[in-house]
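One-letter residues, chain by chain:
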Amino acid sequence: MLKPDANREQIIELLEHEGGVTEESVRKVSQQTGVPEADIWGTGKFYTLINNPGTRVRVCDGLTCQMFGADELARQIVESGKQCERVSCLGQCDLAVASLSEEMELVTYSENETNISPANDDLAINLAGEVDLSYSALAKARLMDAEAVIEELKTSGLQGRGGAGFPAHFKWTSLINQAETERYVVCNADEAEPGTFKDRETMLRQPHKMLEGLAIAAAMVGTREIYIYIRGEYVNEVAVLRAAIDEAKGRDAKGPLGDFNINVVRGHGAYICGEETALLESLEGKRGMPRLKPPFPTESGFRNKPTLIHNVETIACVPAIVHNGGQWFHDLGRTEAGSKLYCISGHINKPGVYEMPLGVTLDELVAEAGGYVGTPLAFSPGGASSGFLPISKRALPLDYKNLADAGSMMGSAGIVVINDTVDMAQAANWQLKFFERESCGQCAPCRIGTQYMRRQNENYIQLGDPATFEHTEDVAWEMEEGSICGLGMIAAKPLTSAREHFPDHFKTRS
Amino acid sequence: MFGAGAMTNAIDEIRDSEMMFVIGSNTTEAHPIIAMEMKRARQRGAKLIVADPRKIWLAEMADVHMQLKPGTDVWLLSALANVIISEGLHDQAFVDKHTKGFDAISAKVKDYTPEEAEKITGVPAEDIRTVARMYATTKHAGIYYTLGITEHTHGTDNVYCLANLVLMTGHLGVRSAGMNPLRGQNNVQGANDAGATPIYYPGYQKVTDNAAREKFESAWGVPLSPNDGLNLNVMMKEMAKGKIKAMYVMGEDIVISEPNVSQVEAGLNQCEFVVCQEIFHNETTRFADVVLPGACFAEKDGVFTNSDRRVQRVRKAVDPPGQARPDWEILCDIARACGYPMPNYSDAGEVFAEYASLTPKIAGISYLRLEQNVAGLQWPCPTPDHPGTPTLHLDGPMIGKAEFQAVDYRPSAELPDNDYPLILSTGRTLYHYNSATQTRRDPGPVAKQRGNFIEISKRDAKIYGLQHGDRVKVSSRRGEVVAEAWISPRVRFGCIWMPMHFAESRANLLTNDAGDSVTGTGEYKVCAVAIEKVTTGTAEELELAGI
Amino acid sequence: MRQFGTVTSVKTANKIKTMNKIDSKVRANEIIGTKQIFENPMNESFSIKLNGQTVEAFPGETVFQVADRTEVKIPSLCHDDRLAPAGACRVCLVEVAGQRRLQPGCAWVVTPDMEITTESDRIEKHRTILYNLYMADHELDDAGLPIETGNGNELRELCKTVAPMGLEPVSAPRAARPGDDNPYIQFNPELCILCARCTRYCDEVEAVNAITLSHRGAETTIETAGQRSLIDTTCELCGGCIDTCPTGALIEKKAPVNLVQLGGTEAVRSTCNFCGVGCQLDLHVQNDKVVKITSPEPGETLNDGNLCVKGRFAYDFVHHPDRITEPLIRGTDGLLHPATWQEAISATAEGLMKVRDQHGADALGFVSSSRCTGEENYLMQKLSRAAFRTNNIHQCAAT
């Protein structure tokens, strides 16, 4: 039981300040905050950036980095006498292979630079566009009433860009209908889905779009309290964001964001915290374990108060919608509403973030990205969670509905293209490992299922005997039916989709 | 004051409280399972107010902790009454209907302003106001207290002050409210109910009341004494004076548990005859002429009555060791040997039936009903079809109109001075129980607390040059003991605290046997002591001190 | 601090029947929050469909609470009435009409006309695979079932109800606490299903927060801060973690490990002999020895399934060699010597009567005991009053 004056929300950051979880640091943080030692210990041990003090090089384990030789890089680092830890996707798939140095600086091994779509005012985010510091959309929204702004959102057809694709206006409406007036706006900048780096580019290139969107949301739902939860590995992005906030708050808080309390909270190495309720738990200084829903965050979110949570890209679309109207945004899309940031990496020539009409095909996207490298075999359309599709689906519109109908998902639009040099059983294994490592461990189907999947697939890779897969469909079924949150539900997808679409890769091997 | 010396409300009502006012009770250590109900209420949003000189566990969870100086309870409680009355927060309808003497109490507490109280008690006036307002305006607000209230020379005054608060705010006969003394031992309530008191027959029927006496004379077939007997505190003093010449002590280690035990020892030495009925040798059996081996709770049948007046069964699970026998059988044999024709009870149930037949409060309870009601039956339960009474006074005070008791603050009998500059309070810990003959025979309590210690503030420790774990000699006008010093944020500057459990380092060599004028209860909570760092000591001495 | 108004502990009407003092409507309202219990005690009930049957429900009730009043049994591992629902074990998933996913019965709050199904092919399949997954993550005995450590293993009972799939063990790398030298509580991670009942009990009920879920994913385990011995933590050794553990991953160090395998022991219901709360105990007896003490089920008695360190563990004194096992009379040498009962009783009677005859009855003092039974206190005062005609009878009423 927490003391009334205990300060739990600070503990993760304080632990990091103390160099990570040790008996001594935990005792000290307990004395500082009044939170029981065991709670601090258990919380700290959840997060990979602080759970094991000491310096080391962290090498990315993500699909693209694996395809480009992450194992070899790790081997070389170990040979050079340094400590090396393999970590989940660092969000630098366009610059693969990526690592974090002992000083927590980003080190990438790639000849590429990040490519983005050229500036174009008919794009919602417009990464290459000029930075607009006027905050005129916020001013405009403030002159409208909340219902009118929400009506524009509704017309725009904006769906959650984090992966779920839930219509944004529903959340806003739900929030303003709550009796409780203590409310929060939270930005989910915990981008960690392998293959995904669009929020990274948005925060680096158009931070004010995101901040303005958050301010509009806060003003419309009646709060000044804004929290931005950003993954801890995004060291540069945090700095850029903080500078942008200072800029927009202005001297003596006279700037356009002067009257908002904007808190940047860093994650500490847990993919699951991208799940919105796990994110809220983490914000509250707890283990990032997803909550049961209902209640949904719009009723009971941060500090058990109504909370509006949006992904970076979703919220960054809002200023343009307020500016140009919902219809304008809606019409930017092709099969579904709006323009969309597509991340693309893997076996293509110009990896990067391309903002294109929602519903373009893989071929169109790859054409924009300089064409395929080698003979394409497969692609993962929306991060690890979306599994794999065969290249035969290259003409499928990349939107929420069509991808779902194809048994995959739009997800975060982190597209990885894989050519025929890759063994799909191996590709599946990389993804399975990711989910096993990132499962929060709370519910059995996910915690045990992810271990089971990875082990069975490794057995197959070792022994070449497909009989090892006797129960994988059943276990996958249970993971989808029985897990608490989305992670467990899709964690078997890499293996089941690979086996479905690439049976040749899962035959008896000698 | 309202008719019964017991918790007015049931323990399981606590979880539904809106507010709990805990004073003089270290509930998590002395009544862990009641504390769990308090924690549950706290989790569900109930306010928690703690008044205690120590920053006990509950105080850390409290909305307000009033860390008063030991012995200043009357000031604090009168100041709460002052705020309630002066701000018009009292329950006028309840006061009119169920009480008398409100004008007198109003006049009495007028001078006990929060500001003055702050000077005496050390509790900020604003906290006193906050608590008074919260208590008066919250319906389901209960008071919970223990020996921190009663173990003073003004213990009865403290209880009166609490009762005044309950009455003026109408917190009586309401669920999850009331006035709730938490009894320290498994069957204190039952022992009192059964008449093990010098002034009452079973069921609080006065020995000086002719009708009551005639009833018991007729039931027991012999003439009875019409005079009040001596309470334990007075009995010990009379024994020291040589007036009491024989003692029959059953299941109590009076040489550890009574205050100023050197006087008790002197008295026992003078006695012509001492008989102890016990399960273990203890400090008192050293003085016994005869020792009778009794049975522990697992070896006999009977009932215990807990703090919320709940009569529950004790059942024999194993045989007593060796020749040891259930205590009730021994008592019957002794009575017969002394020439009194004690009936031939075939089992404990027959004893209970006789006891219940003479005691209207429990007349409706039988062993058969206790089999059927696994959660026990709470008295009053006057008839076999009565369901028992979880909450008392639902129709107003049992005694009709309850009277406010106006009392004045009196300082504790012994205050610190130059020779003995610190205030010592004593009490229980979670891990041990009373004289610890049971708990020190189990590894867990021993691992947690091996021997005696004092809690001392950082500031005092600095003054006396003490490090955590140093040995200190603690002395009072009555005796001295050696203990380990634990530097603790729990105690106030100028105050130390010591547990009562350790035979080789007895806190009650130090405590003051000045008794409350009504109950005779000793002043275990306040006495003046001096401390001194012990730098020498042989291994044997250390061993003896449990260090 | 949990949110005010969330579900805490809700006892079912049939479980508390014997307490005859808290009606089920008040209980049902517990989940709405303290205030409303009193101010709105007569919340209207409504009906829902449970496996096709129409049953009564109250606002705010969960599927479990409604089902508890019916014959419908929903299996569960992570639920304890005293704890907020966690929905973590996934054993209790049920079908809710209109919901795409299966939902946890322990946490799902019913609304009027809701249709709940607790048995179906889908649920059967779910349970079969789930239990088999648990078995892949659990130490099994020769029969291929989760092993029994003497504390009862609810998982084992559940696993008996489904067909074994023979899933390959996952060998999760969960840390134990080998250096924990506390005398009472043993943790075996191989039997732990991470339901977190122990850590939640430690937080929500005992509220000392000595243990925690630690690490994540496959490595998730139960730890103390710094993996210290429980003795060196805030643990108060109440043993509630053992009591609530469904699989026997937590067991008592001092109770015989094979208690259950020996065919169970005779349990005698009694009242604790320490403080004045009056907790009910079940004394487990083997060969005329108390070998273990447990609490009655939550909801049955006033201690609601809870005990403290003394009540649960401090029973070694019962069979301690230091017990006085024979009457003793002090000899002329000043020492106590064994005697027969007849000698001791005569000596006692003579000693008391001699003082009475020489100095009067009021020169006698009788100290009864608040540790002894009501009957014994009655007899002690009767002895003093009827046999000796003195009211000098008291006990440590104040302590």
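From a predicted model like this one, the values you see are computed outputs, not experimental measurements. (Residues numbered from 1 in each chain as written. Chains lettered and ligands numbered in written order. Predicted model: local features only at pLDDT ≥ 70, side-chain atom pairs only at ≥ 80, totals over all residues. Heavy atoms only, no water.)

1. Side note on the packing of aromatic side chains
Inference 1: Under the counting rule described, the total for this entry stands at 31 aromatic pairs over all chains.
Inference 2: Arranged with centres 5.1 Å apart and planes meeting at 70 degrees, the rings of A:Phe46 and A:Tyr47 form a pair that is edge-to-face. Here A:Phe46 matches A:Tyr47 in class, with each residue buried.
Inference 3: Following the ring pairs from residue to residue traces out a cluster consisting of B:Tyr201, B:Phe216, B:Trp220, B:Phe352, B:Tyr355, B:Tyr367 and C:Tyr378.
Inference 4: Geometry around A:Tyr234 places A:Arg231 over its ring, the cationic atom sitting 5.5 Å from the centre.
Inference 5: A cation over a ring is seen here: C:Arg216 above A:Phe46, with NZ or CZ 5.7 Å from the ring centre. (Phe/Tyr/Trp six-rings, centres within 6.5 Å; stacked < 30°, edge-to-face > 60°. Buried < 20%, exposed > 50% of the residue type's maximum accessible area, 1.4 Å probe, protein only. Lys NZ or Arg CZ within 6 Å of the ring centre and 35° of its normal.)

2. Thoughts on the interface of chain B and chain C
Inference 1: Listed by partner, the interface residues are 158 residues for chain B and 131 residues for chain C.
Inference 2: Where chain B abuts chain C, roughly 12400 Å² becomes buried across the two surfaces, and 61% of that area is made up of carbon and sulfur atoms.
Inference 3: Considering only the surface of chain B that becomes buried against chain C, B:Gln43, B:Arg44 and B:Phe297 emerge as the three largest contributors, covering 7% of it.
Inference 4: Counting across the chain B and chain C interface gives 7 salt bridges.
Inference 5: Two residues, B:Glu354 and C:Lys382, come together in a salt bridge whose shortest N-O distance is 2.7 Å.
Inference 6: The interface formed by chain B and chain C includes 70 residue pairs in polar contact (both at pLDDT 80 or more).
Inference 7: Tallied by class, the residues present in the side of chain B that touches chain C amount to 84 nonpolar, 37 polar and 37 charged.
Inference 8: Of the strand pairs in this sheet, strand 11 (residues 290-293) of chain B and strand 13 (residues 328-330) of chain C are connected by 2 bridges, and their pairing is antiparallel. Residue pairing for strand 13 of chain C: B:Val291 is matched across the bridge by C:Leu328. (Contact = heavy atoms within 4.5 Å. Buried area = accessible area lost by both parts, 1.4 Å probe. Salt bridge = Lys/Arg side-chain N within 4 Å of Asp/Glu carboxyl O. Polar contact = N/O pair within 3.5 Å; in protein donor to acceptor, adjacent residues only side chain to side chain. Nonpolar A, V, L, I, M, F, W, Y, C, P; charged D, E, K, R; others polar. Pairing = 2+ DSSP bridges. Helix = DSSP H or I, 4+ residues; strand = E, 2+ residues; numbered from the N terminus.)

3. Description of the domain arrangement of chain B
Residue and element names in this part refer to chain B.
Inference 1: Under the domain assignment used here, chain B contains domain 1 (11-182), domain 2 (188-228 + 294-378) and domain 3 (422-544).
Inference 2: Here the C-alpha centroids of domain 1 and domain 3 sit 28 Å apart.
Inference 3: Taken together, the contacts link 23 residues of domain 1 with 24 residues of domain 3.
Inference 4: A combined buried area of about 1900 Å² lies between domain 1 and domain 3, and 51% of that area is made up of carbon and sulfur atoms.
Inference 5: At the junction of domain 1 and domain 3, the tally comes to 3 salt bridges.
Inference 6: A salt bridge links Lys 525 to Glu 151, with the shortest nitrogen-to-oxygen separation between them at 3.7 Å.
Inference 7: Our enumeration of links across domain 1 and domain 3 arrives at 10 residue pairs in polar contact (both at pLDDT 80 or more).
Inference 8: Broken down by secondary-structure element, the contributors of at least two residues to the side of domain 1 that touches domain 3 are helix 1 (27-30), helix 9 (147-150) and helix 10 (155-169).
Inference 9: The leading source of residues in the side of domain 1 that touches domain 3 is helix 9, at 3 residues.
Inference 10: Residues of the side of domain 1 that touches domain 3, tallied by class, amount to 6 nonpolar, 12 polar and 5 charged. (Domains from an automatic or database assignment.)

4. Overview of the packing of helix 20 (residues 472-482) of chain A against helix 4 (residues 121-136) of chain C
Inference 1: Their axes nearest at 9 Å, the elements helix 20 of chain A and helix 4 of chain C cross at an angle of 110 degrees. Overall, the two elements helix 20 of chain A and helix 4 of chain C adopt an arrangement that is roughly perpendicular. Residues A:Asp474, A:Val475, A:Trp477, A:Glu478 and A:Glu481 of helix 20 of chain A lie in contact with helix 4 of chain C, whose contacting residues are C:Arg122, C:Lys125, C:His126, C:Ile129, C:Leu130 and C:Leu133.
Inference 2: Split into classes, the residues belonging to the contact of helix 20 of chain A with helix 4 of chain C amount to 5 nonpolar, 1 polar and 5 charged. (Axes fitted to C-alpha atoms, helices over the stretch in contact; angles between N-to-C directions. Parallel < 35°, antiparallel > 145°, perpendicular 65-115°, else oblique.)

5. A short note on the interface of chain C and chain A
Inference 1: Every contact between the two is made by 50 residues of chain C and, on the other side, 53 residues of chain A.
Inference 2: Here chain C meets chain A over a buried area of about 4200 Å², counting both sides, of which 54% is carbon and sulfur.
Inference 3: Of all residues in chain C, C:Arg101, C:Leu133 and C:Arg216 give up the largest surface area on contact with chain A, accounting jointly for 18% of the area buried on that side.
Inference 4: The residue A:Glu23 makes a salt bridge to C:Arg228 at a minimum N-O spacing of 3.1 Å.
Inference 5: For the pair chain C and chain A, the interface holds 26 residue pairs in polar contact (both at pLDDT 80 or more).
Inference 6: Put simply, the parts of the chain that give the side of chain C that touches chain A at least two residues each are strand 4 (103-104), helix 4, strand 7 (211-214) and strand 8 (221-224) of chain C.
Inference 7: If one sorts the elements of the side of chain C that touches chain A by residue count, helix 4 of chain C sits on top with 7 residues.

6. Thoughts on the side chain of A:Ser483
Inference 1: Within the element layout of this structure, A:Ser483 appears in the loop between helix 20 and helix 21 (486-490).
Inference 2: A:Ser483 has contacts with A:Cys443, A:Pro445, A:Cys446, A:Glu478, A:Gly488, A:Met489, C:Arg90 and C:Arg101, leaving out every residue within four places of it along the chain.

7. A few points about the environment of B:Pro114
Inference 1: On the secondary structure map, B:Pro114 appears in helix 7 (residues 114-121).
Inference 2: In this structure, B:Pro114 is in contact with B:Ala79, B:Asn82, B:Val83, B:Ala125, B:Ile128 and B:Arg129, ignoring residues within four places of it in sequence.

8. Quick notes on the sheet that holds strand 13 (residues 310-314) of chain B
All names here are of chain B.
Inference 1: Taken in spatial order, the 3 strands make up an open sheet running 12-13-14, and their pairing is antiparallel. Of all the strands in the sheet, just strand 12 (302-305) and strand 14 (377-378) have a single pairing partner and so form its edges.
Inference 2: Here strand 12 runs beside strand 13; their pairing, made up of 4 bridges, is antiparallel. Considered in strand 13, the bridge of Gly 302 is made with Val 314.

9. A closer look at the side chain of C:Asn306
Inference 1: Tracing the backbone through its elements, the reader meets C:Asn306 in the loop between strand 12 (289-294) and helix 8 (309-313).
Inference 2: Here C:Tyr201 takes part through its side chain, which lies 2.6 Å from a polar atom of the side chain of C:Asn306.
Inference 3: Discounting residues that sit within four places of it in the chain, C:Asn306 has contacts with B:Ile33, B:Met36, B:Arg40, C:Arg82, C:Tyr201, C:Val205, C:Cys279 and C:Ser295.

10. Section: a negative patch on the surface
Inference 1: A cluster of like negative charges, contributed by A:Asp121, A:Asp122, A:Glu130 and A:Asp132, occupies part of the molecular surface.
Inference 2: Along the chain, A:Asp121 falls in the loop between strand 5 (115-116) and helix 6 (136-143). (Patch = residues over 30% accessible without salt bridge, like charges linked within 9 Å, V, L, I, M, F, W, Y side chains within 5 Å. Areas by Shrake-Rupley, 256 points an atom, 1.4 Å probe, with all protein chains shown as cover. Lys, Arg positive; Asp, Glu negative; His and termini not counted. Charge placed at Lys NZ, Arg CZ, Asp CG, Glu CD.)

11. Structural notes on the sheet that holds strand 2 (residues 84-87) of chain A
Residues and elements named next belong to chain A.
Inference 1: Taking strand neighbours across the sheet as the criterion, the 4 strands line up as 2-1-3-4 in an open arrangement whose pairing is mixed. Since the sheet does not close on itself, it has two edges, and those belong to strand 2 and strand 4 (106-108), each with one partner. When the angles between neighbouring strand axes are averaged without regard to direction, this sheet yields 30 degrees.
Inference 2: Strand direction decides the pairing type here: strand 1 (residues 57-60) and strand 2, joined by 4 bridges, are parallel. Looking across to strand 2, one finds that Arg 58 is bridged to Glu 85.

12. A closer look at the domain arrangement of chain A
Residue and element names in this part refer to chain A.
Inference 1: With domains assigned, chain A is organised as domain 1 (57-108), domain 2 (116-329), domain 3 (341-419) and domain 4 (424-506).
Inference 2: Taking only C-alpha atoms, the centre of domain 3 and the centre of domain 4 are 22 Å apart.
Inference 3: Across the contact, 12 residues belong to domain 3 and 14 residues belong to domain 4.
Inference 4: Summed over both partners, the interface of domain 3 with domain 4 buries about 1000 Å², with 73% contributed by carbon and sulfur atoms.
Inference 5: Looking only at domain 3, the three residues that lose the most surface to domain 4 are Ala 384, Ser 385 and Phe 388, adding up to 54% of its buried area.
Inference 6: Our count for the contact surface shared by domain 3 and domain 4 stands at 0 salt bridges.
Inference 7: Taken together, the links from domain 3 to domain 4 amount to 2 residue pairs in polar contact (both at pLDDT 80 or more).
Inference 8: Those elements that place two or more of their residues in the side of domain 3 that touches domain 4 are strand 12 (376-380) and strand 13 (389-390).

13. Here's the deal with helix 9 (residues 341-359) of chain C
All names here are of chain C.
Inference 1: With 19 residues, helix 9 extends 27 Å between its outermost C-alpha atoms, agreeing within 8% with the 27 Å of an ideal straight helix rising 1.5 Å per residue.
Inference 2: Among the residues making up helix 9, those that are buried are Trp 341, Ala 344, Ile 345, Ala 347, Thr 348, Ala 349, Gly 351, Leu 352, Met 353 and Val 355.
Inference 3: Gly 360 sits one or two residues past helix 9 and shows a positive phi near 95 degrees. (Expected span 1.5 Å × (residues − 1).)

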